[in-house]
Amino acid sequence: MFGLKQSPWVIHYDASSCNGCDIETLACLTPGFDVERLGVLNTGDPKHADIFLVTGAANEQSHAVIRNIYDQMPEPKVVVAIGACACTGGIFRECYNISGGVDTVIPVDVFVPGCAARPEAIIDGVVQALAALMDRRKAMKALGKNVDQVLYSRAESADAARILSLQKTAHQQEGTIYGEEHVPGLVQTLPALEVELTQRVFIKATVNGRLVGVARGYAQDRTGFISDVIVHPYFHRCGVGRRLLEELEKALPDMNRFEASIGDKCVESAAWLQRQGYELYKTDSWRPAIARVYFQKERK
Amino acid sequence: MVYLLAAPLVGGLLVGWDRRISARMQSRQGPPIFQPFYDVFKLCKKENIVVRRSQNYYVALFLVFVIFTGGLFFAGSDLLLVIFALTLAAIFLVLGAYKASSPFSFIGAERELIQMMAYEPMVLLTAIGMYMVTKSFQVGDIAGYHGVPLVFLLPGIFLGFLYTLEIKFRKSPFDLSSSHHAHQELVRGLTTEFSGRTLAMIEIAHWYELVFLLGWVYLFFASMPILGVAVSLLVFVLVIFVDNVFARLKWQAAIRSAWAVAAVLGFGNILILSLLR
Amino acid sequence: MMMTLIPLLILVPLVAGLAMLLIRNDHVRRVIVTILVLAIGAASVLLVVAPDAISFTITAVSDHSINLAMNLTEAAMAIFVLYVGVHSRRPLIAVLMAVQAGLMAWFEYGSGSHPEVSQNLLPATDHFSVIMALINGIVGGGICLYALGYMKEYHEVAHTDVTDRRPTFFALLFVFVGAMFGLVFSNNLTWLFFFWEITTLCSYLLIGYTRTEESRRNAQRALMMNLLGGVAFAAAIVYLSRNACPLDLQGLIDSAKSGGSSKALVLLPAALLCFAGITKSAQLPFSSWLLGAMVAPTPVSALLHSSTMVKAGVYLVLRMAPVITETKVGMLVALVGAVTFLVGSLAAITAADAKRVLAWSTVANLGLIVLCGGIGTYAAVWAGVLLIIFHAVAKCLLFLCVGLVEHKIHSRNIDAMSGLIVRMPAVAVMMLIGMAGMFLAPFGMLISKYAVLMAVVDAAPVLSVFIVFGSSATLFFWVKWMGKLVEVVGTPERVRNEFTLGEGLAVGVLSMATFLACLLFPMISSHMIVPYVTGVFGEHAASLTQGNIIIMMIMMAMVMLFPLSFIRYGRGPQSRGRLPERRQRRRQGSIPRFGRQGRKHDDEQLLHARVAQ
């Protein structure tokens, strides 16, 4: 990992900050803190950057920009949310135009709290981001060698056990948010899954025979319903999910539109869906105290 | 051969040294001296995003030709050919930036062209001045010239050459094309659309170029080798100093001043030489 | 009279040109032009390989009758030009013509006997003439072929408002080609002058081809400035005959070489001839006519105003080089050339119209050649001849390509050519070859520019400053143009049917010629240029060392890798060829790949950045 750790180039974006955190971020570059000691360079070009420093809560105006910058950064890349607003939305959390912290738009690796965040905290955040950067690189390397052998194919009933184990891993985060009993993926039993396998379309992604992701869906009234897309955490953000979704859409031909629904608190999944071209169109309450949000996409 | 292997090491160290000196001039501590190597190693590990696939190809040619230029120079070949090869290399970089097809890299490419136009006359005049004194364009002959060091006969050309170094080293008054200091205006200009390995190539090419240009400075003192090396390094520090003293120049000023310098110092020197002859 | 290849080369196109006036049918014209072009091309090549292949004698024609025919033609041309001058109320044209005609009439009939010229034509062993003839034959032939398709589209699609006078057009083209052959092979100065005037007239008529107000004005300006040179030429002839000097090129040069008073005597006529050459080559301050000449259809610009007719001027200057070398005249000529090079190059930067850029660059490069002639040392003349060759092929290629592009994208503006590499890949690649030939390091023009620089530094270092500044300016506008061609913004559509067969053949041959000229230039040098220059200067001096040539060849080989990028590029998403399914999918962005191959970002799709090869 020589090099990667010693030379983090950062790009700084102000999503909607009051400039407090911006000033502190830039203060890191001044002689007093001099982060260039650590090889940090502030570059204005996302294509040169390794670490994305975002300040301020994510408002409607800045969603597209944040996503744009993030997409343009070459892997491996990490995101550091600086300050209370970037972490959670801060005092603007409930504003009509604020979706919350930056993590509602892109995956965030390190949260640096504070209002404003102190330069020491920011530097510490960058150092922690370096560790995340290394993890990303490791994952990339593991996948990079095998990525050509990722096979996308229909799942069969023989895969049921492995799919079940994968979905128990993948849905952990949701389980902690809503409670395990409210997450269908976690409560499903093997026989139920075997039945489902015969009724719905399953696409699986395998690397060297190992199952890394599954997408499932079904067709109804010329609408393709995407039940879920799950990827082993180790292979997140490598394009596997995107490809699974594409394959699933292909496997559901003659559909006018596609629909997917997730829990309202699964902000990362929502952001991911939006990156795949899905738009939010309605919200309803699915179970008492659990709201679901619905996304749709017209087929072009 | 020694050049091919040693130049990136020396060049990288020089750049590291440069960053450290610059930091000290700004009362900062600065990065480790090996920082440029860290950067390049890191870039090699990054993903390579392109707008047009062929853009990386131009950059690869840029690197190849820069190395070739340096190789020609240190092999004692014809100075004019060396300049032409260097120009060719730079052209490939510019074409790569054009190919990348983003507004920022366009502006960068055009500014790079203007910079080339600005320094080219002085560089050629330098070669001509050296020829007039030593009667040979061969770097080997110029380096082996026994007489008073060229700098005493070519003071104007030497100063003019230093002026162009400011551009070639990509220092702030003239770093108009890749913009080390002007993020907002044109992002990273010429290099905006290059990432990962390709960006590393540009960096390495820069190291090669650095060593080759300092080698050229040495030619002015070729008959006194130790002084030559010392002055080359001194010149390097001087260029850094100028970088830190002056803020930013507009491109119009760059080309005007560079041509004026070439016309007054370079041409004046040649005129005097030809009259003395 | 002995008929060998050379008189045939002159006569056949002249006669064919007149015959062209009668051919109204498109198909017939196409067939005849093609046959003629092939014949002319073959004959030009034969000139190099076996100059004595054809030889028979026609007894009926004596030199005297030829002279008479020439005099009559000249008189007719004089009357025509006088008419033009009077009719268009351009007194200067009429006056200049009158002066010129008066001088010539006095020379022929008034001044008593004048020195006889034993050899009217140069032998086929004169390498410089052969080089010029080759250029004329191959480039000129190619352009005639190109003009077939081009003029058809010109009248039927692009400029329906212009009266279709194609018979005249092709007649003039062929007459011009014949006259050019005559010009480069004439040894007798009166003959040279005769052909010189024909080319001037052809140029006038072709510039005014469209008969618009602008073209008429520009044609008259061109005529006027060329007449100015004609007057100087006539004056030179009269002066020579009055002082009983030899009236032929060889004699002129020999008497200059013999030194002493005869050298001083021929210096003034040489200066006058150089002046004529400078006007013909549109050097400053006479450059404006060449810019104006760009209103003519592109084949005319390519043939007359870049690769052949304007070369006649520098041809004469280079011929005079041994006479004027190391004299005040030579210095002055060199200065004119140097200043023209600098000003032309700078002016080219300011132009946005592709043809104007090419015109300015032509002016600039001709300046460089004039500079060589003015300096007139061995190395300078060597470089000058080399420049003529490279410039003729590369510039002509560029003109023709611009013509093709103009018809398809309906603009000559360089900015409008953005993304041409996708829209018209074949033409764009050929343009890039032409541009590389014009200024890139190991290619043609740069080899010669390099030689010029070396020659100038030895002879007159002060002048080198002009070259130094001028060449950095050329660098700027060429690279900028190249950049425009290779940049791709958005997803431009590909133009269908980039060119017709004839057009394609012409630009293809010229690209090959540019390419081969660069590749084989050491051979061209040793077989054609060095013998000529050695013959003139009587000594041999190396211009480029063997080592440098080898280095350039290595560079050339390296740049040859450059087209690979297009091959790779051509296999992009637009590619029609079948690819293995997996690879195709990866290209469409469905298979992610990291590392070496990189990820592709389309500007429009930044939000949905795709992972692709």
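The structure under discussion appears in the preceding block.
An account of the accompanying structure is given in this report.

How each quantity is defined
The numbers attached to residues start from 1 for each chain and follow its sequence in the written order. As a convention, the first chain written is A and the first ligand written is 1, with the rest following in written order. Reporting of local features is limited, given that this is a predicted model, to residues whose pLDDT is at least 70; pairs of side-chain atoms are given and counted only at 80 or more, and all residues count toward the totals for whole chains, interfaces and linings. Only hydrogens and water are set aside; all other atoms, that is, all heavy atoms of the structure, feed into the side-chain values. We count a stretch as a helix when DSSP gives it H or I for four or more residues in a row; a strand needs E for two or more, and each element gets its number in order from the N terminus. Throughout, the radius of gyration refers to the C-alpha atoms, and the reference size of a globule is 2.2 Å times the residue count to the power 0.38. Categorising residues by exposure relies on relative accessible area from a 1.4 Å probe, with only protein chains included: less than 20% of the type maximum marks a residue as buried, more than 50% marks it as exposed, and the intermediate range marks it as partly exposed. Only the protein chains shown count as cover for residues, with accessible areas throughout obtained via the Shrake-Rupley method and a probe of 1.4 Å. His residues and chain termini do not enter the charge count, which takes Lys and Arg as positive and Asp and Glu as negative. Charge positions are represented by NZ for Lys, CZ for Arg, CG for Asp and CD for Glu. Whether two residues touch is decided by their heavy atoms; if any such pair falls within 4.5 Å, the residues are in contact. Two parts placed together each lose some accessible area; with a 1.4 Å probe, that loss summed over both constitutes the buried area. The salt bridge criterion pairs a side-chain nitrogen of Lys or Arg with a carboxyl oxygen of Asp or Glu, the two atoms within 4 Å. Within 3.5 Å is the distance limit for a polar contact, defined as a pair of N or O atoms, with the added protein rule that one can donate a hydrogen and the other accept it, and that residues adjacent in sequence qualify only through two side-chain atoms. Each residue gets one of three labels, nonpolar for Ala, Val, Leu, Ile, Met, Phe, Trp, Tyr, Cys and Pro, charged for Asp, Glu, Lys and Arg, and polar for the others, Gly among them. When two rings of Phe, Tyr or Trp (its six-membered ring) have centres within 6.5 Å they constitute a pair, described as stacked for plane angles under 30 degrees, edge-to-face for angles over 60, and tilted for the intermediate range. Counted as over-ring charges are cases with an Arg CZ or a Lys NZ within 6 Å of the ring centre that also lie within 35 degrees of the ring normal. Definitions used for this entry: grid spacing 1 Å over protein atoms alone; cavity, a set of points where a 1.4 Å probe fits but cannot get out; pocket, an open set with protein on both sides within 12 Å along at least 5 of 7 lines; lining residue, one with an atom within 4 Å of a point. Grid points are joined across faces, edges and corners, and a volume is the space filled by probe spheres set on the points. What makes two strands pair is DSSP finding at least two bridges between them. With the strands pointing away from the viewer, any crossover whose connection runs clockwise from the first strand over the helix to the second is right-handed. In this analysis an axis means a line fitted to C-alpha atoms, helices contributing only their contacting stretch, and an angle means the value between N-to-C directions, from 0 to 180 degrees. Roughly parallel means an angle under 35 degrees; roughly antiparallel, over 145; roughly perpendicular, 65 to 115; everything else is oblique. Left-handed describes a crossing whose near helix is turned anticlockwise from the far helix through less than a right angle; right-handed describes the clockwise counterpart. Patches were defined on residues exceeding 30% relative accessible area and lacking a salt bridge, with like-charge contacts within 9 Å and nonpolar side-chain contacts (Val, Leu, Ile, Met, Phe, Trp, Tyr) within 5 Å. Each nonpolar core is a collection of buried residues, namely Ala, Val, Leu, Ile, Met, Phe, Trp, Tyr and Cys, held together in the definition by side-chain atoms within 4.5 Å.

Right, let's get into the overall build of chain B. What chain B contains, in helices and strands, is 12 helices and one strand. Traced from its N-terminal end to its C-terminal end, chain B shows the element sequence α-α-β-α-α-α-α-α-α-α-α-α-α. In terms of C-alpha radius of gyration, chain B reaches 18 Å, essentially the compact-globule figure of 19 Å for 277 residues. Viewed in the frame of its principal axes, chain B has a C-alpha envelope of about 55 × 40 × 35 Å. When the 277 residues of chain B are sorted by exposure, 68% land in the buried category. Counting only carbon and sulfur atoms, one obtains 72% of the accessible surface of chain B, whose full area is about 9,300 Å². Charge-centre separation for chain B: the mean point of 21 positive side chains lies 4 Å from the mean point of 15 negative side chains.

All right, on to the overall build of chain A then. Per the secondary structure count, chain A includes 10 helices and 14 strands. Scaling as 2.2 N^0.38, a compact globule of 300 residues should have a C-alpha radius of gyration of about 19 Å, and chain A matches this with 21 Å. Oriented by its inertia axes, the alpha-carbon framework of chain A measures out at about 65 × 45 × 35 Å. A buried classification covers 56% of the 300 residues belonging to chain A. Long-range contacts, defined here as pairs at least 24 residues apart, represent 71% of the contacts in chain A between residues at least 6 apart. When the accessible surface of chain A is totalled, it reaches about 13,000 Å², and 53% of it is carbon and sulfur. Of the side chains in chain A, 33 bear a positive and 36 a negative charge, and the two mean positions are spaced by 5 Å.

Now for the interface of chain B and chain C. Taken together, the contacts link 54 residues of chain B with 61 residues of chain C. With both sides pooled, the region where chain B packs onto chain C buries about 5,300 Å², and carbon together with sulfur makes up 73% of that total. Counting every contact that joins chain B to chain C gives zero salt bridges. Here chain B is connected to chain C by three residue pairs in polar contact (both at pLDDT 80 or more). Looking at the side of chain B that touches chain C, the elements with two or more residues in it are strand S1 (49–50), helix H3 (55–74), helix H4 (79–99), helix H5 (103–134) and helix H12 (251–276) of chain B. With 13 residues, H5 of chain B is the largest single contributor of residues to the side of chain B that touches chain C. When grouped by side-chain class, the residues that make up the side of chain B that touches chain C number 38 nonpolar, seven polar and nine charged.

Now for the packing of aromatic side chains. For the structure on display, the rule yields 35 aromatic pairs over all chains. Here the aromatic rings of Trp17 of chain B and Phe236 of chain B are separated by 6.0 Å at their centres, their planes lie at 20°, and the arrangement is stacked. In this pair, Trp17 of chain B sits in helix H1 (residues 2–25) while Phe236 of chain B sits in helix H11 (residues 225–245), placing the two residues 219 residues apart along the sequence. Note on Trp17 of chain B: relative accessible area 31%, which makes it partly exposed. What makes Phe236 of chain B buried here is its relative accessible area of 1%. With 5.8 Å between their ring centres and 70° between their planes, Phe169 of chain B and Phe236 of chain B make a pair best called edge-to-face. With Phe169 of chain B in the loop between helix H8 (155–168) and helix H9 (183–186) and Phe236 of chain B in helix H11, this pair connects stretches of sequence that are 67 residues apart. Like Phe169 of chain B, the residue Phe236 of chain B is buried in the burial classification. Put simply, the rings of Tyr3, Phe73, Phe74, Phe158, Phe161, Tyr208, Phe212, Trp216, Phe220 and Phe221 of chain B touch in pairs and so form one group of aromatic residues. The ring of Tyr281 of chain A has Arg257 of chain A sitting right over it, with the charged end atom 5.4 Å from the ring centre. Geometry around Trp196 of chain C places Lys280 of chain C over its ring, the cationic atom sitting 5.0 Å from the centre.

What follows covers empty space enclosed by the protein. Evaluated as defined, the whole model comprises eight cavities of 30 Å³ or more. Of the volumes computed, that of the largest cavity is approximately 190 Å³. Looking at the lining of the largest cavity, the elements that each hand over two or more residues are H4 and H5 of chain B together with helix H19 (444–459) and helix H20 (464–486) of chain C. By residue number, the principal contributor to the lining of the largest cavity is H20 of chain C, which donates five residues. Residue composition of the lining of the largest cavity, grouped by class: 11 nonpolar, four polar and two charged. The calculated volume of the second largest cavity comes to roughly 120 Å³. Val10, Cys28, Val35, Val40 and Leu53 of chain A are, among the 14 residues lining the second largest cavity, the residues nearest its centre. Residue assignment for the lining of the second largest cavity shows that the elements contributing at least two residues are strand S1 (9–14), helix H1 (20–27) and helix H4 (119–146) of chain A. A total of three residues in the lining of the second largest cavity trace back to one element, the largest contributor, which is H4 of chain A.

This paragraph deals with the sheet that holds strand S3 (residues 51–55) of chain A. Picture the strands of a sheet paired through backbone hydrogen bonds; they go either parallel or antiparallel. Residues and elements named next belong to chain A. Strand order across the open sheet formed by five strands is S2-S1-S3-S5-S7, with parallel pairing between neighbours. If you trace the sheet from one side to the other, it starts and ends with strand S2 (41–42) and strand S7 (110–112), each paired once. Note that S1 and S2 share two bridges and pair parallel. When the bridges of S2 are listed, Val10 appears paired with Asn42.

Residue and element names in this part refer to chain A. Note that the unit made of S1, H1 and S2 has a crossover that is right-handed. Where S1 and S3 come together, five bridges link them in parallel fashion. In the sheet register, His12 faces S3, and the bridge partner there is Leu53.

Residue and element names in this part refer to chain C. Helix H10 (residues 260–280) packs onto helix H8 (residues 213–242) with a crossing angle of 165° between their chain directions and a minimal axis gap of 8 Å. Regarding the angle of H8 to H10, the classification is roughly antiparallel. Both H8 and H10 take part in a crossing whose hand is left-handed. The residues of H10 that touch H8, namely those facing Met225, Asn226, Leu228, Gly229, Ala232, Phe233, Ala235, Ala236, Tyr239 and Leu240, are Leu265, Val266, Leu268, Pro269, Leu272, Leu273, Phe275, Ala276, Thr279 and Lys280. When its residues are assigned to classes, the contact of H8 with H10 shows 16 nonpolar, three polar and one charged.

The next point concerns a nonpolar patch on the surface. All names here are of chain C. Taken together, the side chains of Val45, Val48, Val49, Ile138, Leu505 and Val509 define a hydrophobic patch exposed on the protein surface, amounting to about 470 Å² of accessible area. Per-element tally for the nonpolar patch: the top contributor is helix H2 (residues 26–49), with three residues. Overall, the relative accessible area of 36% leaves Val48 in the partly exposed class.

This paragraph deals with the environment of Val15 of chain C. All names here are of chain C. Among the structural elements, Val15 can be located in helix H1 (residues 5–20). Taking relative accessible area as the criterion, Val15 reaches 53% and is therefore assigned exposed. Each C-alpha atom, one on Val15 and one on Gly178, is 8.6 Å from the other, the two residues being 163 residues apart in sequence.

All names here are of chain A. Counted residue by residue, strand S12 (residues 257–263) has seven buried out of seven residues, so it is predominantly covered. Relative to S12, strand S11 (residues 223–231) runs parallel, the two being bridged by four bridges. The partner of Phe225 across the bridge, within S12, is Glu259. In the sheet, S12 pairs with strand S14 (residues 290–298) via seven bridges, with the strands oriented antiparallel. Within S14, the position partnered with Ser261 by the bridge is Tyr294.

What follows is about the packing of H5 of chain B against H20 of chain C. When two helices pack together, you describe them by how their axes are tilted relative to each other and by the distance separating the axes. Two numbers describe how H5 of chain B lies on H20 of chain C: the axes approach to 9 Å, and their chain directions differ by 155°. Taken together, the axes of H5 of chain B and H20 of chain C lie roughly antiparallel to each other. Once H5 of chain B is placed against H20 of chain C, the crossing between them reads as right-handed. Residues Glu110, Leu113, Ile114, Met116, Met117, Glu120, Pro121, Leu124, Leu125 and Ile128 of chain B of H5 of chain B form the contact with H20 of chain C, whose participating residues are Ser464, Val465, Val468, Phe469, Ser471, Ser472, Ala473, Leu475, Phe476, Val479 and Lys480 of chain C. In terms of residue class, the contact of H5 of chain B with H20 of chain C is built from 15 nonpolar, three polar and three charged.

Here we take up the nonpolar core. Most often, soluble globular proteins keep nonpolar side chains buried together rather than apart. Of all hydrophobic cores here, the largest spans 339 residues; its most connected members are Trp216 of chain B together with Met431 and Trp481 of chain C. No other element matches the 24 residues that helix H16 (residues 378–409) of chain C contributes to this core. Apart from the residues lying within four places of it in its own chain, the contact partners of Met431 of chain C are Leu398, Cys401, Val402, Val405, Met417, Leu420, Trp481 and Leu485 of chain C. The next biggest cluster of nonpolar side chains, apart from the first, holds 29 residues, and it includes Leu244, Ala251, Leu252 and Ala270 of chain A.

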